[in-house]
Amino acid sequence: MEIRRWGLSLVATAMSAYALDVVAAAAGAGLVAAGLLDGLRQQWVVAVLVASYAIWAWGLRANLRANGALLVATGTSTNVLSKAAYDLLVRRAKGDRAPRVAAAVTYAGTEVVKELPYYGVAFGAAVSVEAITSADALVFLAGANVAAAAYEYGLARVTRVFLSRRYASFEDDWVPARYLTDYYSAVEPDEVATIAFIVDALRHAERDRPVLFFGVGPTLHHVFAAAELASELHLGDYLPANLAELQRWIDGAPGAHDWRPFVRHTLRCEGIVDPTDAEVSAREELTKKKITQLVRVDARQAHPLDESYATVVSPYCADSATDDIATWRRLMRNITGLVRPGGLFVTAALHRSRGYTVGGRRFPSANVGADDLRAALRTDFDPARGSIEVCPTGQDAAHGYASVILCWARKRSVQDHPIG
Ligand SMILES: C[S@@+](CC[C@H](N)C(=O)[O-])C[C@H]1O[C@@H](n2cnc3c(N)ncnc32)[C@H](O)[C@@H]1O
């Protein structure tokens, strides 16, 4: 996959360099040949040239921004050196700001270097061909600059249109270890709220029944809250790599993620003011003991599992798997179909988000609002028994969303299901 990205970036670089040269050289020569600026005093020709650089910088700025977004979303670039700079930093940096700045500086640097041959050609011709004056050389450069600006801006637009149709994919781009370092190195505000909510919501769960976590990813931070009440914990996710990461934690393998700060927060939410290390370890051990199934699930299937459950917990799964609200509704229908009549569904979603970044790649989000969730649950869940709330988190700059929706809902039992 990475080879493909490099290949695509190389092809895009070659094509864009060639196209830029053709467009810029033709425009420069055309402006000289048209004679529109003939007779202009030298200082005015210089002023035109300076203005053309300002226009060029404006076009380039648009393209640098688009290229940064392209790198984050797909790992490809229209400038292969810019991709190299981005890739070098993305493995080391925490967020995607530093890699994007490095990519932009490298991109701009190569565009400036590509200007040099134009100077060589323009002034070389002015020196060696009597009919070509130094003013002609300046006019040529101004024309080339304006065309290059239009070209850069056009490339930015094409990139944006492409991106509006493309996000990173779970199959090709999801790196569990990056998700864990990006989001779970500390208990961040969204999880302070989400874990507290799940602890409260699970007070409504039927005890001593298996609990399903659907779309759990490589994470356990929501699972600890169910360890005491569940007879068994079944953890489902679409990606085998995520399930393998969970298995590493269960096995206590070297390098397995440290969930202890999350266990501590869970215990605090349950009412233990200052949980001891022994209490944290006890909850970890209990959780390991109760996990009896790691199962591959696909929310796109109408019946992702044969079993149904008294309690299903599915935070940040359906909304974080698609950018399309209609698909989100379908995924929600399939997931909630796993809740037994009368059972409990606990969920969370990024609020009004179009995407979140993991490992420098942008993954989709379905732009879900509280009303969307209410409508999605209306048919099968009792609106009088449950809760939907929007909680601000202020993590827009770091992750791509500023609030989350937290929800628990009780499925209608067979007798109170509306007719028709
Ligand atoms: C943003 S992660 C959330 C993981 C975890 N629930 C959490 O709160 O950190 C989204 C998860 O949805 C899973 N996912 C994506 N498409 C899926 C599908 N079609 N069926 C089930 N899970 C899916 C991904 O593998 C990923 O683990």
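Everything numeric here is computed off the predicted structure, so don't read it as measured data.

**Digging into the pairing of strand 6 (residues 355–358)**
Stage number 1. Where burial is concerned, the two faces of strand 6 agree: the one with Gly355 and Thr357 and the one with Tyr356 and Val358 are both buried.
Stage number 2. Hairpin connection of strand 6 to strand 7 (residues 361–364): two residues between the antiparallel strands, including Gly359 at a positive phi of 60°.

**A closer look at the side chain of Glu245**
Stage number 1. When you line up the elements, Glu245 lands in helix 9 (residues 240–250).
Stage number 2. On the accessibility criterion, Glu245 (12% relative accessible area) is buried.

**Structural notes on a nonpolar patch on the surface**
Stage number 1. Residues Ile55, Trp58, Val146 and Tyr153 make up a contiguous nonpolar surface patch of about 370 Å² in total accessible area.
Stage number 2. Listed by contribution, the elements that provide at least two residues to the nonpolar patch are helix 2 (42–74) and helix 5 (134–163).
Stage number 3. Positionally, Tyr153 belongs in helix 5.
Stage number 4. Owing to a relative accessible area of 34%, Tyr153 belongs among the partly exposed residues under this scheme.

**Considering the sheet that holds strand 5 (residues 339–350)**
Stage number 1. Read from one edge to the other, the open sheet built from seven strands follows the order 3-2-1-4-5-9-8, with strand pairing classed as mixed. One side of each edge strand has no neighbouring strand; the edge strands of this open sheet are strand 3 (291–296) and strand 8 (381–395). Averaged over all pairs of adjacent strands, the angle between strand axes in this sheet comes to 15°, irrespective of strand direction.
Stage number 2. Across five bridges, strand 1 (residues 209–214) lies against strand 2 (residues 230–237) in parallel orientation. Its bridge partner being in strand 2, Leu212 is matched across the sheet by His234.
Stage number 3. Each of strand 4 (309–315), strand 5, strand 8 and strand 9 (401–411) touches helix 8 (residues 189–201); the most contacted strand, strand 9, lies at about 10° to it.

**A short note on the packing of aromatic side chains**
Stage number 1. In the structure shown here, the tally under the stated rule is 15 aromatic pairs.
Stage number 2. Judged by centre distance (5.2 Å) and plane angle (65°), the rings of Trp259 and Phe262 are edge-to-face.
Stage number 3. For the pair Phe345 and Phe381, a centre-to-centre distance of 5.9 Å together with 45° between the ring planes defines the contact as tilted. Here Phe345, found in strand 5, pairs with Phe381, found in strand 8; they are 36 residues apart in sequence, far enough to count as distant.
Stage number 4. A relative accessible area of 0% places Phe345 in the buried class.
Stage number 5. Note on Phe381: relative accessible area 3%, which makes it buried.
Stage number 6. Across the ring face of Tyr238, the terminal group of Arg296 is positioned such that the distance to the ring centre comes to 5.0 Å.

**Points about the UniProt feature "transmembrane region" (unreviewed entry) in the chain**
Stage number 1. Here the UniProt-annotated "transmembrane region" (unreviewed entry) positions come out as residues 43–60.
Stage number 2. A helix fraction of 100% and a strand fraction of 0% characterise residues 43–60, whose end C-alpha atoms lie 26 Å from each other.

**Remarks on the pattern of salt bridges**
Stage number 1. Per the counting criterion, the structure on display carries 14 salt bridges.
Stage number 2. Linking Glu284 and Arg260 is a salt bridge whose minimum nitrogen-to-oxygen distance equals 2.9 Å. You can see Glu284 sitting in helix 11 (residues 277–290) and its partner Arg260 sitting in helix 10 (residues 260–269), a full 24 residues away along the chain.
Stage number 3. With a shortest N-O distance of 3.0 Å, Asp298 and Arg300 are connected by a salt bridge.
Stage number 4. On the basis of relative accessibility, which here comes to 17%, the residue Asp298 falls in the buried class.
Stage number 5. Owing to a relative accessible area of 43%, Arg300 belongs among the partly exposed residues under this scheme.
Stage number 6. Residues joined by salt bridges that share partners form a network here, namely Glu228, Glu270 and Arg283.

**Some remarks on the domain arrangement of the chain**
Stage number 1. As assigned here, the chain comprises domain 1 (2–166) and domain 2 (171–416).
Stage number 2. Centre-to-centre separation of domain 1 and domain 2, based on C-alpha positions: 46 Å.

**Regarding the site of the ligand**
Stage number 1. Taken together, the neighbourhood of the ligand is formed by 25 residues, with Tyr179, Tyr184, Gly215, Asp237 and Ala299 sitting nearest.
Stage number 2. Residue Asp237 places a side-chain N or O atom 2.8 Å away from an oxygen atom belonging to the ligand.
Stage number 3. Within the side chain of Asn242, an N or O atom sits 3.1 Å from an oxygen atom of the ligand.
Stage number 4. A per-class count over the shell around the ligand returns 15 nonpolar, seven polar and three charged.

**Some thoughts on unusual backbone geometry**
Stage number 1. In this structure, Asp208 is a non-glycine residue whose phi angle is positive, near 60°.
Stage number 2. With respect to the helices and strands, the residue Asp208 is situated in the loop between helix 8 and strand 1.
Stage number 3. For Asp208, a relative accessible area of 56% translates into the label exposed.
Stage number 4. A positive phi is found at Asn367, a non-glycine position, where the angle reads about 60°.
Stage number 5. Within the secondary structure layout, Asn367 lies in the loop between strand 7 and helix 13 (370–377).

Quick notes on the rules
Throughout this description, residue numbers start from 1 for each chain and increase along the sequence as written. The model is predicted, so local features are restricted to residues of pLDDT at least 70 and side-chain atom pairs to those at 80 or more, both for listing and for counting; the totals for chains, interfaces and linings are taken over all residues. Side-chain measures were taken over the full set of non-hydrogen atoms in the model, leaving aside hydrogen atoms and water. With a 1.4 Å probe rolled over the protein chains alone, any residue whose accessible area is under 20% of its type maximum counts as buried; one over 50% counts as exposed, and the rest are partly exposed. Only DSSP runs of H or I covering at least 4 residues are called helices, and only runs of E covering at least 2 are called strands; the numbering of each starts at the N terminus. Two strands qualify as a pair provided DSSP detects at least 2 bridges between them. For patch detection, residues must exceed 30% relative accessible area and be free of salt bridges, and they are connected within 9 Å for like charges or within 5 Å for nonpolar side chains (Val, Leu, Ile, Met, Phe, Trp, Tyr). Under the convention used here, a 1.4 Å probe and the Shrake-Rupley method define accessible areas, while residue burial counts only the protein chains that appear. Each reported salt bridge corresponds to a side-chain nitrogen of Lys or Arg within 4 Å of a carboxyl oxygen of Asp or Glu. Every angle, taken between N-to-C directions, lies between 0 and 180 degrees, and every axis is a line fitted to C-alpha atoms, over only the stretch in contact when it is a helix. Pairs of residues are marked as contacts when any of their non-hydrogen atoms sit within 4.5 Å. Aromatic pairing here means that ring centres of Phe, Tyr or Trp (its six-membered ring) are within 6.5 Å. Orientation follows from the plane angle: under 30 degrees is stacked, over 60 is edge-to-face, and everything else is tilted. Look at NZ for Lys and CZ for Arg. If either is within 6 Å of the ring centre and within 35 degrees of the ring normal, a charge sits over the ring. UniProt positions are given in the numbering used here, feature names are shortened, and annotations may be inferred rather than shown by experiment. Per the annotation, domain bounds derive from an automatic or database assignment of domains. Residues are counted as near a molecule or strand when any one of their heavy atoms sits within 4 Å of it. Under this definition, polar contacts are N or O atom pairs within 3.5 Å; protein pairs additionally need one hydrogen-donor-capable and one acceptor-capable atom, and for neighbouring residues in sequence, both atoms have to be side-chain atoms. Three classes are used: nonpolar for Ala, Val, Leu, Ile, Met, Phe, Trp, Tyr, Cys and Pro, charged for Asp, Glu, Lys and Arg, and polar for all others, with Gly counted as polar.

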